[in-house]
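Single-letter residue listing:
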Amino acid sequence: MIGEVDIFGVFLRSELVTSGVALVLTFGVNRLLIRLGLYRYFWHQALAEVALFVIVWAVVVQLSSLWFV
């Protein structure tokens, strides 16, 4: 994984970029889970949302390391 990403001449840390992408994707998945009513199966919705964010962030980091080889 690279250390910095150049966005329009501004260098941003790769953690900031990947976490931002993961946050947007997590919002989309979260809305889908709410619409389907799947949160009723979780004991604590906030813990499920944090776990979902961590999983999505890990996937984004793995995909970004493949992208920037």
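Just so we're clear, the structure is a prediction, and the values are computed from it rather than from any experiment. (Residues numbered from 1 in each chain as written. Predicted model: local features only at pLDDT ≥ 70, side-chain atom pairs only at ≥ 80, totals over all residues. Heavy atoms only, no water.)

Novice: Help me out: how do you make sense of the pairing of strand E2 (residues 10-13) in this one?
Specialist: Looking along a regular strand, one sees side chains alternate from face to face of the sheet. Examined bridge by bridge, strand E1 (residues 4-7) and E2 share four bridges and lie antiparallel to one another. Following the sheet pairing, Asp 6 is matched in E2 by Phe 11. Hairpin connection from E1 to E2: two residues lie between these consecutive antiparallel strands, with Phe 8 at a positive phi of about 55°. (Pairing = 2+ DSSP bridges. Helix = DSSP H or I, 4+ residues; strand = E, 2+ residues; numbered from the N terminus.)

Novice: What is the right way to read the pattern of salt bridges from this model?
Specialist: Charged atoms that come close allow side chains of opposite charge to pair. Across all of its chains, the model carries one salt bridge by this definition. Where Glu 15 meets Arg 13, a salt bridge forms, and the shortest distance between an N and an O atom there is 3.4 Å. Given the relative accessible area of 37%, Glu 15 is considered partly exposed. Its relative accessible area of 48% is what places Arg 13 among the partly exposed residues. (Salt bridge = Lys/Arg side-chain N within 4 Å of Asp/Glu carboxyl O. Buried < 20%, exposed > 50% of the residue type's maximum accessible area, 1.4 Å probe, protein only.)

Novice: Got a minute to help me understand the UniProt feature "transmembrane region" (unreviewed entry) in the protein in this structure?
Specialist: UniProt feature "transmembrane region" (unreviewed entry): in the numbering of this structure it lies at residues 16-34 and 46-68. With 100% helix and 0% strand, residues 16-34 has end C-alpha atoms that lie 27 Å from one another. (UniProt positions renumbered as here; feature names shortened; annotations may be inferred.)

Novice: Would you mind showing me how to read the nonpolar core here?
Specialist: Generally speaking, soluble globular proteins have nonpolar side chains that are buried together. Ranked by size, the top nonpolar core spans seven residues in total: Ala 22, Leu 33, Tyr 39, Ala 48, Leu 52, Val 56 and Val 60. Among the elements of the structure, helix H1 (14-36) and helix H2 (45-67) are those that each provide at least two residues to this core. Other than its neighbours up to four places away in sequence, Val 56 contacts Ala 22, Leu 25 and Thr 26. (Core = buried A, V, L, I, M, F, W, Y, C linked by side-chain atoms within 4.5 Å. Contact = heavy atoms within 4.5 Å.)

Novice: Any chance you could explain H1 here in plain terms?
Specialist: Three or four residues apart is the spacing at which side chains of an α-helix point the same way, because the helix has 3.6 residues per turn. Its 23 residues place the ends of H1 33 Å apart at the C-alpha level, agreeing with the 33 Å of an ideal helix rising 1.5 Å per residue. Among the residues of H1, Ser 14, Thr 18, Ser 19, Ala 22, Thr 26, Asn 30 and Leu 33 are the ones counted as buried. Contacts made by the buried residues of H1 are with E1, E2 and H2. Following H1 by one or two positions, Gly 37 adopts a phi angle in the positive range, close to 75°. (Expected span 1.5 Å × (residues − 1).)

Novice: Would you take a moment to explain the packing of aromatic side chains for this structure?
Specialist: Applying the stated criterion across every chain, the model contains two aromatic pairs. Each ring, one from Phe 53 and one from Trp 57, has its centre 5.5 Å from the other, and the planes form 40°; the classification is tilted. In this pair, Phe 53 and Trp 57 are both assigned in helix H2, four residues apart and thus about one turn of the helix distant. What makes Phe 53 partly exposed here is its relative accessible area of 21%. (Phe/Tyr/Trp six-rings, centres within 6.5 Å; stacked < 30°, edge-to-face > 60°.)

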